[in-house]
Amino acid sequence: MSTLIKGGRIITAADDYVGDIYVEGERIAMLGESLDVDADRVIDASGKYVLPGCVDPHTHLDMPFGGTTTIDDVTSGQTAAAFGGTTCHVDFCIQSPGSSFADALDTWHGKRDGKQIIDMGFHIAVTDLREGGSLEELARLPEQGITSYKLFMAYKGALMVDDETLFRTMEVASQTGALVMVHAENGDLIDVLVRQALEAGNTEPLYHALTRPPEAEGEATNRAIQLAHVAGAPLYVVHVTCREAVEPIARAREAGWNVWGETCTQYFFNSLDDIAKPNFEGAKYVYSPPVRDKSNWDVLWNAVRTDALSAISTDHCAFLWDGQKTLGKDDFSKIPNGGPGLENRLHMIHEFGARAGRISLNRMVELLATSPAKLFGLYPKKGTVAVGSDADLVIFDPERKHTITAATQHSKTDYNLYEGTEVTGTPDVVLLRGNVLVEGDELVASPGIGQYVARARFGQELRAKSAIA
Ligand code: URP
Ligand code: ZN
Ligand code: ZN
């Protein structure tokens, strides 16, 4: 099967030009001006942008968490992703304390097998190196394409690790070519503040934010940076929300340390005003780290502009408001932490980033596709439009209007963090390895079309031929 995409404005992290793309099978075979070639299918992209499929490095599909399980499984979450122009993501495979990494991977492969709409890889989340996985087992994971180790410095009593586990994992990463990822909040401090709030009778969702102050994030971010430097491991700080965390990352990067940071769409748009909404509405905005004071929005835009932060993910971790968030109706600490986002990252960052002039279109592509692909061993198979790359492409209509609303979204959750927002610009056609997934409002592909991607080690390239396990 061959496809010719004609006359689109091709935008990568580096380039912006009008041209044709010829796709043969699953990959881009030719790029050029007015290609004179026959194809089985021709798509007219004039007046449209042609972007690389976006890559989301941070999602939680079908994950047990907070006394329940995230509402989007692989098929519903990836359908939402496809409609939002995301064609590849890296999900968290969580080690259960006391179990091996192999057990966790068996479970997570079972969740995706035959259900995928887009391509995906896994990070391993390390929770226990004493009675569960061993350092030796961890060291072997990059051979299976698991080339990032994630640790939680918060969620005491659940996923949180101590500094010894964090540091020992970093030491392994420094030897195996894995990237260490941290959820950086001081879990001990938060645990004390939560107990004090509940003892004082403060049970409303707002107290989720008030018991997780920006200092807790700043302290843990700096601690992780210093530990990674001692271990000699590269570090990626996930879901950065505030000045207190941006500053140590920016300082480390200026010093030439191997440190990167990501923020998520919601931290540019949600704030304390949302989590303070009455009638338990605020529970929709309970995720961690929490919403912040609005003054941080500009801090984050500035950070993504200057590459203090290098990627924007979704941290898609969707729960129903009615039936799951309500587990914490009388106690904010029982509200499952997490929010939806896979469907609207490109919409929101295009509208309020690129169209508003805060970032260029090239930088938008870099933040949503190219940098995540490079950092997580997917590039140049994913994350760009180049000869030899997978034909993961988004034909994006920059003039088509779209209203973001839970009523028409593809995620199974019952709310949207950006409800009612009108954007100008939305994906028209989305292709995965040359296969059309989405055409206008229709999903035209079936579960099973997406594949598992074994990722390259940190700093190495992934070439298309060897990529699929
Ligand atoms: O609240 C959040 N972010 N839930 C998902 C787990 C995590 O911390 O990323
Ligand atoms: Zn987290
Ligand atoms: Zn997360």
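As a reminder, the structure under discussion sits directly above these lines.
Keep in mind that what you see is a predicted model, and the values were worked out from it rather than measured. Numbers given to residues run from 1 along each chain, matching the order in which its sequence is written. Naming scheme: in the order in which they are written, chains are lettered from A and ligands are numbered from 1. Totals for whole chains, interfaces and linings use all residues, but because this is a predicted model, local features are given only for residues with pLDDT of at least 70 and pairs of side-chain atoms are given and counted only at 80 or more. To get the side-chain values, take all heavy atoms of the structure and skip hydrogens and water.

S.K.: Explain the coordination of the zinc ion (ligand 3) to me, please; I cannot follow it from the model alone.
M.R.: Put simply, a metal with four donors set out as a tetrahedron has ideal angles of 109.5 degrees, and one with six donors set out as an octahedron has ideal angles of 90 or 180 degrees. Each metal site is built from N, O and S donor atoms within 2.8 Å (3.2 Å for Na, K and Ca), and since water is not included, such sites may look incomplete. For the zinc ion (ligand 3), the protein coordination sphere consists of His 58 (NE2), His 60 (NE2) and Asp 315 (OD), at 1.9 to 2.1 Å. Under this scheme a four-donor centre is tetrahedral when all angles range from 85 to 135 degrees, a four-donor centre is square planar and a six-donor centre octahedral when opposite donors are above 155 degrees with the rest from 65 to 115, and any other centre is irregular. Here the zinc ion (ligand 3) is ringed by four donor atoms whose angles at the metal span 86 to 131°, and the overall shape comes out tetrahedral. On the primary sequence, the residues serving as donors to the zinc ion (ligand 3) are separated as H-x1-H-x254-D. Between the zinc ion (ligand 3) and the zinc ion (ligand 2), the interatomic distance is 3.9 Å. Linking His 58 in strand β6 (residues 54-59) with Asp 315 in the loop between β15 (311-313) and α11 (345-354), this pair joins segments that are 257 residues apart in sequence. Under the scheme used here, helices are H or I runs from DSSP no shorter than 4 residues and strands are E runs no shorter than 2 residues, and both carry numbers assigned from the N terminus.

S.K.: For this particular structure, what's the right way to read the pairing of strand β10 (residues 119-125)?
M.R.: Two faces belong to every sheet, and in a regular strand the side chains alternate between them. Exposure classes here rest on a 1.4 Å probe applied to the protein chains alone. A residue is buried below 20% of its type maximum, exposed above 50%, and partly exposed in between. The buried fraction of β10 is high, at seven of seven residues. Going residue by residue along β10, you find Asp 119, Gly 121, His 123 and Ala 125 tucked away on one face and Met 120, Phe 122 and Ile 124 tucked away on the opposite face as well. Two strands are counted as paired when DSSP detects at least two bridges linking them. Here strand β9 (residues 86-94) pairs with β10 via seven bridges, running parallel. Residue pairing for β10: Phe 92 is matched across the bridge by His 123. For the crossover that starts at β9, traverses helix α2 (residues 101-112) and ends in the parallel β10, the hand is right-handed. With two bridges connecting them, β10 and strand β11 (residues 148-152) associate as parallel partners. Note on β11: the bridge partner recorded for Ala 125 is Lys 150. The path from the first strand over the helix to the second decides the hand: if it runs clockwise while the strands point away from the viewer, the crossover is right-handed. This β-α-β element, β10 to helix α3 (residues 135-140) to β11, shows right-handed connectivity.

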